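The primary structure of each chain is shown beneath.
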Amino acid sequence: MIITKLALSRREMLRAAGAAIALPFLDSMIPAFGGSRALAAGAVRRLGVVYVPNGMMMPFFTPATEGAGFEFKPILKPLEPFRDQLRVISGLNGVVSTGAHAGASTRFLTAVAAKKSDSELVADVSMDQFAARELGKQTQFASLELALEGRDFAGSCDIGYSCGYTNTIAWRSATTPLPMENDPRVVFERLFGEGGTTDARVRAARLRADRSILDSVLEKTAGLQQRLGSQDRSKLSDYLEAIRDVERRILLAEDQSAKNVTLPVVAQPAGVPASYDDHAKLMFDLQVLAYQSDLTRVITFMMGREISGRTYPEIGVNEAHHPISHHQNDQTKIATVAKINTFHTTLFSYYLEKLKATPEGDGTLLDHSLVLYGSGMGNPNIHDHVNLPIIVAGGAAGRVKGGRHLQYTEPTPLANLHLTLLERAGVRMDAFADSKGKVDELLAL
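(A) Highlighting the nonpolar core. In terms of nonpolar packing, the biggest core is built from 66 residues, with Val50, Met303, Phe348, Tyr351, Leu352 and Leu355 touching the most fellow members. Filtering out sequence-adjacent residues up to four positions away, Tyr351 remains in contact with Val50, Phe284, Gln287, Val288, Tyr291 and Val371. In this structure, Val49, Ala132, Leu370 and Ala415 belong to the second largest nonpolar core, which totals 38 residues.

(B) Representation of the sheet that holds strand β4 (residues 86-93) in the model. Taken in spatial order, the seven strands of this open sheet run β5-β8-β3-β11-β12-β4-β13, and their pairing is mixed. The open sheet has two edge strands with one neighbour each: β5 (144-147) and β13 (404-413). This sheet shows a mean twist of 15° between the axes of neighbouring strands, independent of strand direction. Packed onto the sheet, helix α2 (residues 100-110) meets β3 (46-51), β8 (298-302), β11 (369-374) and β12 (390-393) and runs at close to 165° relative to β3. Docked against the sheet, helix α10 (residues 331-356) engages β3, β4, β11 and β12, running at close to 175° with respect to β11.

(C) Examining the pairing of β4 more closely. Counting buried positions along β4 yields eight of eight residues, so the element is predominantly enclosed. Summarising the sheet, β4 and β12 pair through four bridges and their orientation is antiparallel. Residue pairing across strands places Ile89 opposite Ile390, the latter belonging to β12. The pairing of β4 with β13 spans six bridges and is classified as parallel. Bridge pairing links Ile89 to Leu406 in β13.

The rules behind these values
Residues numbered from 1 in each chain as written. Predicted model: local features only at pLDDT ≥ 70, side-chain atom pairs only at ≥ 80, totals over all residues. Heavy atoms only, no water. Core = buried A, V, L, I, M, F, W, Y, C linked by side-chain atoms within 4.5 Å. Buried < 20%, exposed > 50% of the residue type's maximum accessible area, 1.4 Å probe, protein only. Contact = heavy atoms within 4.5 Å. Pairing = 2+ DSSP bridges. Helix = DSSP H or I, 4+ residues; strand = E, 2+ residues; numbered from the N terminus. Axes fitted to C-alpha atoms, helices over the stretch in contact; angles between N-to-C directions.

Given below as structure tokens:
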């Protein structure tokens, strides 16, 4: 390694008219003689949340044994390659709510029950927003709230509860739920483009007339490349190529949407791929880019809203998710819901692989992140709020132990986990909601 005096700022960006591209973490951003390089590189911690709706087929999810060396059940099987950075936690309970689905999505990160009202939204600050208040001090965006389904304010909702409860899992305050964005074009422009509009027709016209966002800044990279070492040049090249690939896929999705004249009468914004699989992977790629460029360190992502009636024809499931989740112990229906659950974890494994394949400092994005995956409901047939399906992935810069199944037999609030994850992400709190302690078994020695 050649030691130079060059030390780029972590906030340095490539700028041109109408665009600003944040840089990924480069070796050149670590002072040559400024202490431990590993410590400097590992200082960035991130907290992600991936939510899946309508509960889980728990017999196909929960490992049979505790501790290390557990066998992965069918729903967890796609995640087996990440065993060393995975924790499955059983026996955590959510608070009781009379609104089964409104309560599920609301309690998942707030650990409080949704107030029954069809016109008033009341919960509490969600765990991710406590993290955003601290980690967001160092990034352009305190947090990102993303989804795969659009907001629904007049569709299927719990009786007596506002649809706003099922549209989000993130709450800035007790009365301020945060909207979840499902259009990858809007997310991309928010991250990498300045200005713009969410009007699909206006944006489509501008896209046909303008060059790629990257085209306006690529010429700026030549001078920077000359200042970097060979490893950093390779990282920067890979990063810019990843941005271009995401942009290309968004443009393709918009073009396909524009040509599709047989769409059903539903809202489908330009930029949203027709395939759930493609949409999910594109949104996961955007999350990786957001972390890689350090534009944010906190992201919540809903793979579906509660009471989602989505079908999954790409895996041969033509039944709507929510109705079939009330399986009434019909083995065929149970197997179908388990198939949906496994499809979700397969897509989650794609995300983990992307994080693992992205180098940062002396490790990877996965090494420096904590990602909570799960649902606010256990057995959907009875709208169960106990024994929630919970996975914690990532290394948190060496601050959590992996490769374990933790099983609680005594009633343990989900808030215990939230308090622990916040601490591991660098956010100090004495208590969170109804927490009664921490998940000590999760802590690294």
